[in-house]
Amino acid sequence: SAVDFHNAVDNRGSTVIVARTASLAGAKVFGGYNPVGWRSTDDYSLSNAAFLWCIGGGSSSSSGVIKYPILPGGSAAIFDYATSGPNFGSSDLQIGPPQAAIMGGFAGPDMENTEANAGNLRQCKASPGFAYETDKRWPVRGSVALVDVEAYCRKF
């Protein structure tokens, strides 16, 4: 769950997220880099160094990593909700989106029970192009199921 994600990564520094789908057409491998780290702030962070990435257009059989940087200004690069898994931009890449709506960075009283409202890390939503650059090689759009999510942290 998203609570498990935050228990593992909060206050551990910059993080690389790796996600993988399974499909008949082949697995898609993609993720993001959060240079500011996760802290369950229920707010967003600015960063000019954050980026999304995928392997060869998302196919696990393709080679080469494609990097999608944050758009100029780095505004709202990372959304760090305690009840959500990793969120890059407001909607560019959401892994384990929260079960209850979050309005304008304010979680509100409906979100006080983080366990009950925690997102499922096997669910992903992607609408790239709002905060991060994108092109036709980005592997997922809309809602997709994930078979694996990994987080690699570096303590400052």
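Further up the page is the structure itself.
Sequence order as written defines residue numbering, which begins from 1 separately in each chain. Confidence filtering applies because this is a predicted model: local features only for residues at pLDDT of at least 70, side-chain atom pairs given and counted only at 80 or more, and all residues used for totals across whole chains, interfaces and linings. Each side-chain value is worked out from all heavy atoms of the structure, with water and hydrogens disregarded.

Next up on the list: helix 1 (residues 2-9). Classification of residues uses two cut-offs on accessible area relative to the type maximum, computed with a 1.4 Å probe and protein chains only: under 20% is buried, over 50% is exposed, and between them is partly exposed. Going along the chain from the N terminus, every DSSP run of H or I of four or more residues is numbered as a helix, and every run of E of two or more is numbered as a strand. Among the residues of helix 1, those classed as buried are Ala2, Val3, Phe5, His6 and Val9. Considered in projection along helix 1, the buried side chains sweep an arc of 155 degrees and stay on one side of the axis. Of the residues that open helix 1, the one with a side-chain oxygen 3.3 Å from the backbone nitrogen of valine 3 is serine 1. Positioned one or two residues after helix 1, asparagine 11 has a phi angle of 60 degrees, which is positive. Each direction from the helix axis to a C-beta atom contributes to the arc, which is the arc of those directions. By the criterion applied in these results, polar contacts are pairs of N or O atoms within 3.5 Å in which, for protein atoms, one can donate a hydrogen and the other can accept it, and in which residues neighboring in sequence qualify only through two side-chain atoms.

Bringing the side chain of serine 45 into the picture now. Take serine 45: it is sitting in strand 3 (residues 43-45). Of the residues examined, serine 45 reaches a relative accessible area of 10% and is grouped as buried. In this analysis, two residues are considered to be in contact whenever any of their non-hydrogen atoms come within 4.5 Å of each other. Not counting residues within four places of it along the chain, the set of residues in contact with serine 45 comprises Val36, Arg39, Gly74, Ala76, Ala77 and Ile78.

What follows concerns the pairing of strand 9 (residues 123-126). Where burial is concerned, the two faces of strand 9 differ: the one with Cys124 and Ala126 is buried and the one with Gln123 and Lys125 is not. Whether two strands pair depends on DSSP finding at least two bridges between them. Of the pairings in the sheet, the one linking strand 8 (residues 93-95) to strand 9 comprises 3 bridges and is antiparallel in character. Bridge pairing in strand 9 links leucine 93 to alanine 126. Both strand 9 and strand 10 (residues 142-145) contribute to a ladder of 4 bridges, which runs antiparallel. Paired with lysine 125 across the strands is serine 143, a residue of strand 10.

Nonpolar cores were defined as sets of buried Ala, Val, Leu, Ile, Met, Phe, Trp, Tyr and Cys residues, with membership established by side-chain atoms within 4.5 Å. In this structure, Phe30, Phe88, Leu93, Ile95, Tyr132 and Trp138 are the most contacted members of the largest nonpolar core, which totals 25 residues. Every element with two or more residues in this core is listed here: helix 1, strand 1 (15-20), strand 4 (51-59), strand 5 (65-69), strand 8 and strand 9. Ignoring sequence-local partners within four residues, the contact set of isoleucine 95 consists of Ile17, Ala19, Ser84, Gly85, Pro86, Asn87, Leu121, Gln123, Cys124, Leu146 and Val149.

All right, on to the packing of aromatic side chains then. For this analysis, a ring pair means two rings from Phe, Tyr or Trp (six-membered ring only for Trp) whose centres lie within 6.5 Å, classed as stacked if their planes differ by under 30 degrees, edge-to-face if by over 60, and tilted for the remaining angles. Taken as a whole and assessed by the stated rule, the structure comprises 8 aromatic pairs. A ring has a charge above it when a Lys NZ or an Arg CZ is no more than 6 Å from the ring centre and no more than 35 degrees off the ring normal. Sitting above the plane of the phenylalanine 51 ring, lysine 67 keeps its charged end 4.6 Å from the centroid.

Our next topic: the pattern of salt bridges. Between Lys or Arg on one side and Asp or Glu on the other, a salt bridge is scored when a side-chain nitrogen of the former is within 4 Å of a carboxyl oxygen of the latter. By the definition in use, this model includes 1 salt bridge. Put simply, arginine 137 and aspartate 135 hold a salt bridge, and the shortest N to O gap is 2.6 Å.

Among the secondary structure elements, asparagine 34 is positioned in strand 2 (residues 28-34). Separated by 2.9 Å, the side chain of asparagine 34 and the backbone nitrogen of valine 36 make a polar contact. Among residues more than four places away in sequence, those in contact with asparagine 34 are Ser14, Thr15, Ile78 and Phe88.

On to the environment of alanine 22, then. Tracing the chain through its elements places alanine 22 in the loop between strand 1 and strand 2. Judged by its relative accessible area of 53%, alanine 22 is exposed. In the structure, alanine 22 is positioned 126 residues away from aspartate 148 in sequence and 9.0 Å away in space, judged by C-alpha atoms.

With glycine set apart, most residues show a phi of negative sign, and most peptide bonds adopt trans. Within the chain, serine 40 stands out as a residue other than glycine whose phi angle is a positive 55 degrees. Of note, the phi angle at alanine 76 is positive, near 55 degrees, even though the residue is not glycine.

With antiparallel pairing, the 6 strands of this open sheet are ordered in space as 3-6-7-8-9-10. Every interior strand has two partners, whereas the edge strands, strand 3 and strand 10, have only one.

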